[in-house]
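Remarks on the overall topology
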Amino acid sequence: MLVTLEEIRAAQERIQGVASHTPLVRLQISGPPGNVFIKAEGLQPIGSFKLRGAYNKISQLKEAERQRGVITYSSGNHAQGVAYAARALGRKAVIVMPSNAPEVKKRATAALGAEIVEVGPSSLERKEKAEELQAQFGYVMVPPYDDRDIIAGQGTCGLEILEDLPEVDLVLSPVSGGGLLSGVAAAIKLLKPSVRVLGVEPDLAADAQESFRTGRLVTWPAELTSRTIADGLRTQRLGDLNFEHVRAYVDDIITVKEEEIACAMQTLLYQARLTPEPSGAVTTAAVLFHSEGLVPFRNCVAIMSGGNVEPDVLKRMLATN
């Protein structure tokens, strides 16, 4: 069963005062024949959209469940969302993170009081480790994307877009495990079906596009998805429930190249005065380099999903010509 509009609206009330209603920032660029706005999720308290779903999920747990503590598996942003929500509710959080997660995300997660367990780079490996610890210690699992409460929480981003820009006719969302894309697409299509919703991912980690276009859920090996600089988009496959939402509500999934992501980061920094992480810049890359697949549109919103970027990565991206 797909997430309902009522669930997304309930999530919006639940997260009010915890997650921010982030602004739409006009992007002044030449090229596309329409207005482009950036949904600046990097301005959330943890620097990414992940707080929406994590708090919506954890805040609904029964007291006995909260006392057991929560656990999740994440390359960084969901880790911070769970750690932030657990701390706000006075509960323990354990996070299984890959060894190649950015140090800035590891440090931020630890600073929020979470216990970090490191494993190898595979997204499946960290999921299996989290499930092992859950069984051993009785923690409550807070999945990063394949969960209806997580999807409903991320869908609040879509509600805000429609509230702030009712005239929107195209929305672009990064896609990895599918939590943000499926939630946003559900919220928007349930309220305004005429709006086109597209997912965007790196061509080095294009498992979601392959799944969408073939109609069957595929998994890419970690050695392929880990090639992209967009560390938040290295998940090896869409979640099962997320895939159902994507098939029901998403119009297409497109891919961008690594050099296009670097250029998009430069554009967001210099033109919009926003600091993106590579994963958050893929939608702007789509606008800059793949507008022929996006038109026609009058008002496009590109979701910048996060801003937790390593200083060395940012420096390297800004030096790219």
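A brief structural summary. (Residues numbered from 1 in each chain as written. Predicted model: local features only at pLDDT ≥ 70, side-chain atom pairs only at ≥ 80, totals over all residues. Heavy atoms only, no water.)

To locate leftover empty space, one rolls a probe as large as a water molecule over the atoms. Roughly 190 Å³ of volume is contained in the largest pocket. Lining the largest pocket are 13 residues, with Tyr 73, Lys 127, Tyr 145, Asp 146 and Arg 237 positioned closest to its centre. For the lining of the largest pocket, the element with the most residues is helix H6 (residues 123-137), which contributes three residues. Across the lining of the largest pocket, the residue classes tally to five nonpolar, four polar and four charged. (1 Å grid on protein atoms, 1.4 Å probe; cavity = no way out; pocket = protein on both sides within 12 Å on 5 of 7 lines; lining within 4 Å. Points joined across faces, edges and corners; volume = space filled by probe spheres on them. Helix = DSSP H or I, 4+ residues; strand = E, 2+ residues; numbered from the N terminus. Nonpolar A, V, L, I, M, F, W, Y, C, P; charged D, E, K, R; others polar.)

Buried within helix H1 (residues 5-15) we find Leu 5, Ile 8, Ala 11 and Ile 15. Viewed end-on, H1 has its buried residues packed into an arc of 120°, placing them on one side of the element. The exposed set on the far side of H1, more than 90 degrees from its buried face, consists of Glu 6 and Glu 13. Following H1 by one or two positions, Gly 17 adopts a phi angle in the positive range, close to 90°. (Buried < 20%, exposed > 50% of the residue type's maximum accessible area, 1.4 Å probe, protein only. Arc of directions from axis to C-beta.)

Attention now moves to the pattern of salt bridges. Counting across every chain of the model gives 19 salt bridges. Across the pair Glu 160 and Lys 39 runs a salt bridge, and its minimum N-O distance is 2.6 Å. With Glu 160 in helix H7 (residues 148-164) and Lys 39 in strand E2 (residues 35-40), the pair connects residues that are 121 residues apart, well separated along the chain. Since its relative accessible area comes to 5%, Glu 160 is described here as buried. (Salt bridge = Lys/Arg side-chain N within 4 Å of Asp/Glu carboxyl O.)

Okay, the sheet that holds strand E8 (residues 196-202) next. With mixed pairing, the six strands of this open sheet are ordered in space as E1-E2-E10-E7-E8-E9. Only two strands of the sheet have a single neighbouring strand rather than two, namely strand E1 (24-26) and strand E9 (252-256). Neighbour-to-neighbour, the strand axes of the sheet open up by a mean angle of 30°, direction not taken into account. Relative to strand E10 (residues 299-304), strand E7 (residues 170-174) runs parallel, the two being bridged by three bridges. From the neighbouring strand, Val 171 faces E10, where its bridge partner is Val 301. (Pairing = 2+ DSSP bridges. Axes fitted to C-alpha atoms, helices over the stretch in contact; angles between N-to-C directions.)

For E10, the buried fraction is high: six of the six residues fall into the buried class. Along E10, one buried face is formed by Asn 299, Val 301 and Ile 303 and the opposite face, lined by Cys 300, Ala 302 and Met 304, is buried too. Bridge count between E2 and E10: six bridges; the pairing is parallel. When the sheet's bridge partners are listed, Asn 35 is paired in E10 with Asn 299.

Glancing now at empty space enclosed by the protein. Under the definition given, this model contains three cavities of 30 Å³ or more. Here the largest cavity defines a volume of roughly 340 Å³. Surrounding the largest cavity, 27 residues form its lining, Lys 50, Ser 75, Ser 176, Gly 232 and Thr 235 being those nearest its centre. Elements represented by at least two residues in the lining of the largest cavity include exactly helix H4 (77-88), H6 and helix H8 (179-191). Classifying every residue of the lining of the largest cavity gives eight nonpolar, 14 polar and five charged. Here the second largest cavity defines a volume of roughly 50 Å³. Taken together, Ser 75, Pro 98, Asn 100, Ala 101, Pro 102, Pro 121, Arg 126, Asp 231 and Arg 234 make up the lining of the second largest cavity. Grouping the amino acids of the lining of the second largest cavity by side-chain chemistry returns four nonpolar, two polar and three charged.

If you trace the backbone, Glu 65 turns up in helix H3 (residues 63-68). Glu 65 sits in the partly exposed class, given a relative accessible area of 27%. Glu 65 sits 206 residues away from Gln 271 along the chain, and the two C-alpha atoms are 46 Å apart.

In this section: the side chain of Gln 80. Inspection of the secondary structure puts Gln 80 in helix H4. When neighbours within four sequence positions are excluded, Gln 80 is seen to be in contact with Ile 46, Lys 105, Ala 108, Thr 109, Leu 112 and Asn 308. (Contact = heavy atoms within 4.5 Å.)

What follows covers the sheet that holds strand E3 (residues 70-73). Strands sit in the order E5-E4-E3-E6 across an open sheet of four strands; the sheet is parallel. In the strand order of this sheet, the two ends are held by strand E5 (115-119) and strand E6 (140-141), each with one partner. Here five bridges tie strand E4 (residues 93-98) to E5, and the two strands are oriented parallel to one another. Each bridged residue has a counterpart across the sheet, and for Ile 95 the counterpart in E5 is Ile 116. Each of E4 and E5 touches helix H5 (residues 103-111); the most contacted strand, E4, lies at about 170° to it.

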